[in-house]
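# A structural walkthrough
Next come the chains, spelled out residue by residue.
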Amino acid sequence: MVALAATPTLSATAAITSLDSPAPRPPVSPGDGPFQAGQHIGPRYTILTLLGIGGMGAVYQAFDHELGVAVAIKVIRPSAQADATAAKELEQRFKRELVLARQVTHKYVVRIHDLGEINGIKYLTMPFVEGQTLAQLLDTSGPLPLAQVIRISQQVAQGLAAAHDKGVVHRDLKPANIMIAKASDDPAPASGDAMIMDFGIARSVQHGATQTAEGSVLGTLAYMAPEQAQGLKVDQRADQYAFGLIIYDLLLGGTRLATHDNPMTELLARMAATPPAPRTINASVPESFDRIVMRLLDPDRANRYESTQDLVAALAQLAPDGSHRSDIHEVIVHDAPARLTLAVAALLIVLLSGAAGWFLSRQSAPVSVAHEPISVLIGDFENQTGDPVFDGVVEQALSLGIEGASFINSFPRREALRAAAAIKPGSRLDEETARLVAFRENLGLVIVGAIASRGSGYHITIKGVGPGTDGDVKYTLEDDAATKAAVLQTVGALAGQVRAALGDTVAPAANDAFTAANLEAVRAYARGQELFASGRLADAIPAYLEATTLDPAFGRGYSSAATAANNLGDRDRADEYYKKALEQIDRMTDREKYRTRGQYYLFSRNPAKAIEEFTALVGKYPSDAAGLSNLANAHSQLRQFDQAMAIGSRVAAMYPANPLRQNNAALYAMYAGRFEDAVTGGKRAVALNKSYPLAWVSQALASQALARYDEATAAYTQLAAIPGWQARAALGLADLAMLRGRTAEAAAALEPMLAAKLAPQQLARVRTTLADVRLTQGRPADAVVLAERALATSADPITRHAAGLFGATAGHARIR
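Heads up: these notes are all about the structure in this document. (Residues numbered from 1 in each chain as written. Predicted model: local features only at pLDDT ≥ 70, side-chain atom pairs only at ≥ 80, totals over all residues. Heavy atoms only, no water.)

If you look at the biggest cluster of nonpolar residues, it comprises 64 residues, and the most contacted ones within it are Leu377, Leu429, Met670 and Leu719. Counting residues per element, this core draws most heavily on helix H26 (residues 693-705), which supplies eight residues. Membership of the second largest hydrophobic core comes to 43 residues, among which are Ala194, Ala238, Leu250 and Leu296. (Core = buried A, V, L, I, M, F, W, Y, C linked by side-chain atoms within 4.5 Å. Buried < 20%, exposed > 50% of the residue type's maximum accessible area, 1.4 Å probe, protein only. Helix = DSSP H or I, 4+ residues; strand = E, 2+ residues; numbered from the N terminus.)

Right, dumping it as structure tokens:
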């Protein structure tokens, strides 16, 4: 059910007015509300039943005929609008708070859908959530189990952080405003996720007051922060205090309130002294959890968490039993067979290694910046000169120039080209396509333009437009370059004008511009970027190196060649190119310096130093997706998966329509042992792109960890339909079969792969995994043969280890 929250109002003189009477009310009567069961509310809704009622409003369950689902409808009761002045102010507050609440989009927040009116009665609609409020749960259950309290706390904190990130402060957080949904697979009425309700919607309004000003106090006494009771201006830390009291009650069963005469005396007692620590009342409360609760309940708000994101990070460190998770070095699979076969181990190693581009991230706390971050997509500039040397040149130089501003992030051109190809195969980033890519990727601005001959020089125009099919023109800039050699300098000057148009007040630094000895070097580099974007990494390397031949000090060409070589598995060449890039680092922009050094440290397996570089990078450039990506990767290499997951979630939120970024967050959640979140993230990525293979991998592995073998099998089956991923799918299906003791199924999944055209390492994985199956089937001689053939195929460390292991198990001292 959905309950209507009671919201008392305390004035500066401590007079109390409540939406709901503080005394117990009789059962709800259908006649108490303005609507009746069966009544039609406009053409869209039919009232089903009255759920709850208060002095200001009532809540009904209704059927939404347009969507075909049940919804909750909250109304302002006519009696609350008897006074015309009060009614007008009440309506203004209703609308204002609706605007605030609709800014918050999070799975642990009940989102307000719409505001409407029928026969003079204002109403709000929201999802209907089947379950119980925390208040109802406390009334019937008393203290909740520790694991449930920690889970609820982690979820509510995430919902609060989402609101606070939008500048929305609840100011009336209490158990009655937190719903615990009924899980679909659990008969218990309140076994699912926690969701915050009523972000300031159901509040009483004093006559003459149009906003919650300093000196007036709104909220519920039993969960009110000291500064709120004193009529001071409140911020997110007041919600933190109320949240601390909620956790306190969940741990101790509401004894805090039961020991006082009324909420007022309990509030005064809390204002005089901090409540006793939960651990002093119940010794089973873990010390780590106790510290979090007591920090939330500090009367001095300066001692609470500076940001609710910091609170989220602190709670994320807790395991279900309250112990710290920061020292966990293995993914723990609960309630599943304790067996991770070589196939899954190999998949995890492949996923964790190699691809800085796979992992994107989120810092545990937002960085304070002077401007809202904006991601810009630079589309193709039309080359009207007839000289191919200008193809791709303006785009590269402009991208580097605008990123000199800390709040501007240039969306990677390689990713933009891939997204364009997904929208329309073979398409370029012309204005129309670039707008569609920007709309899909949730980017704020598209920049396009042209370069044309003008006399003996060149004329460059730049246009900034909004995303989507009808993007409006934000600005138009233009300038002339007297000679071909002056084009890059002119583009750099225009980049400074773009930054100023976006709100940058800091003058561009000397090294913010794209520096190259000649246009031919830039054109070669741009060609390499296009080849890289199309997946032709082997062809991209010569183009990058051509740029460095034309300009030996062009460090960017070396670092890009190193990335391509590393992705191709050629570590020797990658090392050579990285070192040459580092020799030219003084010629790079500040962003390039951080990126290049950090990428080299990642490549050379020094994640601690990589974290230093990328932390510095995102500290100075908070919206730098590449920096966040690699910072998460570095944390994962140190097995700091909680940090990696938090960082990955940030970038996923930055790019909600990007399947790679959504799945990166899912993979990190899996490594952190948050398997449900991993499954959800994988499904989100698949919904965006069904052909994205790693999304099926994350779903399969997380489902396997949860012992949902049928779901894992379905995911691997989908993976097998993607070209090039059949062997990975077969390894996964074999592992699932072995977990269930079905050795014949495991062999059947692997045997067809022996005749397939696979890369040497893939074929070696298939052979070693099948060797494991043969040992389990009691066929050691076959296992030895397979292990020897695997070694002959690939002598990489994983294969050598597996071959030696199976040889020893089969009674052979040595596999030749």
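A few words now on the pattern of salt bridges. In total, this model carries 40 salt bridges according to the counting rule given. Salt-bridge contacts for Arg291 lead to Glu287; the nearest nitrogen and oxygen are separated by 3.4 Å. Of the two residues, Arg291 and Glu287 are both situated in helix H9 (residues 287-296); the distance of four residues between them amounts to about one turn of the helix. When its relative accessible area of 46% is taken as the criterion, Arg291 is described as partly exposed. We note a salt bridge from Lys579 to Asp575, for which the minimum N-O separation is 3.0 Å. (Salt bridge = Lys/Arg side-chain N within 4 Å of Asp/Glu carboxyl O.)

Right, let's get into the packing of aromatic side chains. Considering all chains together, one arrives at ten aromatic pairs under this definition. Taking 5.4 Å as the distance between ring centres and 85° as the angle between the ring planes, the aromatic pair formed by Tyr525 and Phe554 counts as edge-to-face. Within this pair, whereas Tyr525 is found in helix H16 (residues 519-533), its partner Phe554 is found in the loop between helix H17 (537-550) and helix H18 (555-567), the two being separated by 29 residues in sequence. For the pair Tyr525 and Phe554, a shared accessibility class is recorded, and that class is buried. Arranged with centres 6.3 Å apart and planes meeting at 50°, the rings of Tyr600 and Tyr601 form a pair that is tilted. Exposure remark for Tyr600: the relative accessible area of 15% places this residue in the buried category. Overall, Tyr601 belongs to the partly exposed group, its relative accessible area being 21%. An aromatic cluster of three or more residues is present, and its members are Tyr578, Tyr600, Tyr601 and Phe603. The aromatic ring of Tyr223 is capped on one face by Arg256, whose charged end is 5.0 Å from the ring centroid. Here the guanidinium or amino end of Arg295 rests over the ring plane of Tyr305, the centre of that ring lying 4.0 Å away. (Phe/Tyr/Trp six-rings, centres within 6.5 Å; stacked < 30°, edge-to-face > 60°. Lys NZ or Arg CZ within 6 Å of the ring centre and 35° of its normal.)

Looking at chain direction, strand E7 (residues 114-118) and strand E8 (residues 121-127) are connected through five bridges and run antiparallel. Bridged to Asp114 within E8 is Thr125. Adjacent in sequence and paired antiparallel, E7 and E8 are bridged by two residues, among which Asn119 carries a positive phi angle near 55°. (Pairing = 2+ DSSP bridges.)

Take helix H2 (residues 134-141) next. Buried within H2 are the following residues: Leu134, Leu137 and Leu138. Down the axis of H2, the buried set is contained in an arc of 100°. They therefore lie on one face. Exposed side of H2, more than 90 degrees from the buried face: Asp139 and Thr140 are the residues found there. Its buried side turned inward, H2 meets strand E9 (131-133), helix H3 (146-165), strand E10 (178-181) and helix H5 (236-252). (Arc of directions from axis to C-beta. Contact = heavy atoms within 4.5 Å.)

Now for the sheet that holds strand E14 (residues 408-410). Spatially, the five strands line up as an open sheet ordered E14-E13-E15-E16-E17, and their pairing is mixed. At either end of the open sheet lies a strand with only one pairing partner, and these are E14 and strand E17 (473-481). Sheet twist, expressed as the average angle between the axes of neighbouring strands with direction ignored, equals 25°. In the sheet, strand E16 (residues 457-465) pairs with E17 via eight bridges, with the strands oriented antiparallel. Bridged to Val465 within E17 is Val473. Packed onto the sheet, helix H12 (residues 393-402) meets strand E13 (374-383), E14, strand E15 (445-454) and E16 and runs at close to 155° relative to E13. (Axes fitted to C-alpha atoms, helices over the stretch in contact; angles between N-to-C directions.)

With seven of nine residues buried, helix H10 (residues 308-316) lies mostly within the body of the structure. Listed as buried for H10 are Thr308, Gln309, Leu311, Val312, Ala314, Leu315 and Ala316. Tucked inside the fold, the buried residues of H10 contact H3, H5, H9 and helix H23 (641-654). One side-chain oxygen of the residue at the start of H10 lies 3.0 Å from the amide nitrogen of Gln309, identifying that residue as Ser307. (Polar contact = N/O pair within 3.5 Å; in protein donor to acceptor, adjacent residues only side chain to side chain.)

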